[in-house]
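Coordinate inspection notes
Listed below are the residues making up each chain.
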Amino acid sequence: HIINYFENIESVFISKARVQRITFDAFQRCDNIQEVVLMSNEITSLHNGIFRNCRNLRMLDLRSNWIGAIHSDLFNGLSSLDTVRLTSNWFTTLPDDAFEHLSSLGTLEISVNNLQLISQHLLAPLVNLHTIYLNVNQLNEIHADAFAYQRNLSYVNLNGNSLSSLPKGLFQNNLNLRTLIASNN
C-alpha cells in the first residue's frame, strides 16, 4: 500500500518486479495518478474496481503479465482513461461488457494473446477509439458490426491471426480509417 502514502503521485511504474498480486485497496488514494505501468510482472488477475479511485487515470499499461480474464467493473469510474495496454497476457476471450465504462478510450492494445473472436458488442462502448492493436492473436472471426460505433477509428492492426476473410461491411462506418494491417492471416 505504499502508493497510498503519496497523495500527489501522478505516475506509477512497477515493471519487471515479479509482482504477482495487487491488493484491492492498493490504489485507495490516487486522485492525481494519470499513468499506471505494471508491465512485465506475474499478475494473474485484478480485483474488480481496483482503480475506481483513479479518476484522472489516462494510461493503464498491463502488458506482459499472466492475466487471463477481465471483469466489467475493472474499469469502472475511469472516464478519463485514454490508453489501455493488455498486450502479451493470457486472454482467450473477453466478455462483451469488459470495456463498458471506457467511452473516452482512444487506444486499445490487445496484441499477443489467444483471442479467437471479436464479438458484436465488445467494442461498442468505445465510441472514441481511434487505434486498436489485435495482432498476433488467434482471431478466426470478427463480427460484421464489431467496429460499427468507432467513427474515429483510423488504425487497425489484425496482423498474424487466423482470419480467412473479413465480413462484408466491417469498416463501412469507419470513414477515418487510414491504416489496416491484415498480413499473415
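Residues numbered from 1 in each chain as written. Predicted model: local features only at pLDDT ≥ 70, side-chain atom pairs only at ≥ 80, totals over all residues. Heavy atoms only, no water.

Some remarks on the pattern of salt bridges
The condition that has to hold: The term salt bridge refers to a side-chain nitrogen of Lys or Arg lying within 4 Å of a carboxyl oxygen of Asp or Glu. Here a strand is any run of E in DSSP of at least two residues, a helix any run of H or I of at least four, and the numbering for each starts at the N terminus. Three exposure classes are used, based on accessible area relative to the maximum for each residue type with a 1.4 Å probe and protein chains only: buried under 20%, partly exposed in between, and exposed over 50%.
Evaluated as defined, the whole model comprises four salt bridges. With its nearest N and O atoms 3.8 Å apart, the salt bridge here joins Asp61 to Arg85. With a gap of 24 residues between them, Asp61 in strand 3 (residues 59–61) and Arg85 in strand 4 (residues 83–85) connect regions that are remote in the sequence. A relative accessible area of 1% places Asp61 in the buried class. Given the relative accessible area of 23%, Arg85 is considered partly exposed. Through salt bridges that share partners, Asp61, Arg63, Arg85 and Glu109 make up one connected network.

Quick look at the side chain of Asn41
How we decide: Here a polar contact is recorded for every N or O atom pair within 3.5 Å, except that within protein the pair must consist of a potential hydrogen donor and a potential acceptor, and residues adjacent in sequence are included only if both atoms are side-chain atoms. Contacts between residues were defined by any pair of non-hydrogen atoms, one from each residue, lying within 4.5 Å.
Looking at where Asn41 falls in the secondary structure, it is placed in the loop between strand 2 (35–37) and strand 3. Overall, Asn41 belongs to the buried group, its relative accessible area being 4%. From its side chain, Asn41 meets the backbone nitrogen of Arg18 in a polar contact 3.1 Å long. Polar contacts involving the side chain of Asn41 include one to the main-chain carbonyl oxygen of Leu38, which spans 3.1 Å. If near-sequence neighbours (up to four positions away) are discounted, Asn41 is found in contact with Ile14, Ser15, Lys16, Ala17, Arg18, Val19, Ser64, Asn65 and Trp66.

A short note on the sheet that holds strand 4
Here is the rule: Only strands that DSSP links by at least two bridges are regarded as paired with each other. Inter-axis angles, ranging from 0 to 180 degrees, are taken between N-to-C directions of lines fitted to C-alpha atoms, where helices are fitted over the stretch in contact.
One open sheet holds the eight strands; their spatial order is 1-2-3-4-5-7-9-10, and the pairing between them is parallel. Each of the sheet's edge strands pairs with one partner strand only, and the pair in question is strand 1 (11–13) and strand 10 (179–181). Between one strand and the next, the sheet's axes are offset by a mean angle of 5°, whatever the strand orientation.

What to know about the nonpolar core
This is how the line gets drawn: The definition of a nonpolar core used throughout is a set of buried Ala, Val, Leu, Ile, Met, Phe, Trp, Tyr and Cys residues joined through side-chain atoms within 4.5 Å.
Grouped together as the largest cluster of nonpolar side chains are 51 residues, with contacts concentrated most on Phe27, Phe51, Phe75, Phe99, Leu108 and Phe147. Apart from the residues lying within four places of it in its own chain, the contact partners of Phe147 are Leu123, Ile132, Leu134, Ile142, Leu153, Val156, Leu170, Phe171 and Asn174.

A word on unusual backbone geometry
A positive phi angle, close to 55°, is found at Ser64, a residue other than glycine. Here Ser64 shows up in the loop between strand 3 and strand 4. We classify Ser64 as partly exposed; its relative accessible area is 29%. One non-glycine residue, Asn184, lies in positive phi territory at about 55°. Residue placement: Asn184 occurs in the segment after strand 10. Look at Asn184 and you get exposed, because its relative accessible area is 61%.

Things to note about the side chain of Asn157
Residue placement: Asn157 occurs in strand 9 (residues 155–157). With relative accessibility at 8%, the residue Asn157 sits in the buried group. Apart from the residues within four sequence positions on either side, Asn157 is in contact with Ile132, Tyr133, Leu134, Asn135 and Ile181.

Remarks on the state of the cysteines
Formally: Two cysteine sulfurs form a disulfide in these notes if their separation is within 2.5 Å.
Per the counting criterion, the structure on display carries one disulfide. In this model, Cys30 is linked to Cys54 through a disulfide, with the two sulfur atoms separated by 2.3 Å. Because the torsion about its S-S bond is -105°, the bridge between Cys30 and Cys54 counts as left-handed. Of this pair, Cys30 sits in the loop between strand 1 and strand 2 while Cys54 is found in the loop between strand 2 and strand 3, placing the two residues 24 residues apart along the sequence.

Quick word on the packing of aromatic side chains
The condition that has to hold: Centre distance within 6.5 Å is the pairing criterion for rings of Phe, Tyr and Trp, where only the six-membered ring of Trp is used; planes under 30 degrees apart are then read as stacked, over 60 as edge-to-face, and the remainder as tilted.
All told, the structure shown has five aromatic pairs when counted by the stated rule. Consider the rings of Phe27 and Phe51, whose centres lie 5.1 Å apart with planes at 50°: the pair is tilted. One end of the pair, Phe27, is in the loop between strand 1 and strand 2; the other, Phe51, is in the loop between strand 2 and strand 3, with 24 residues separating them in the sequence. Centre to centre, the rings of Phe147 and Phe171 are 5.3 Å apart; their planes meet at 20°, and the pair counts as stacked.

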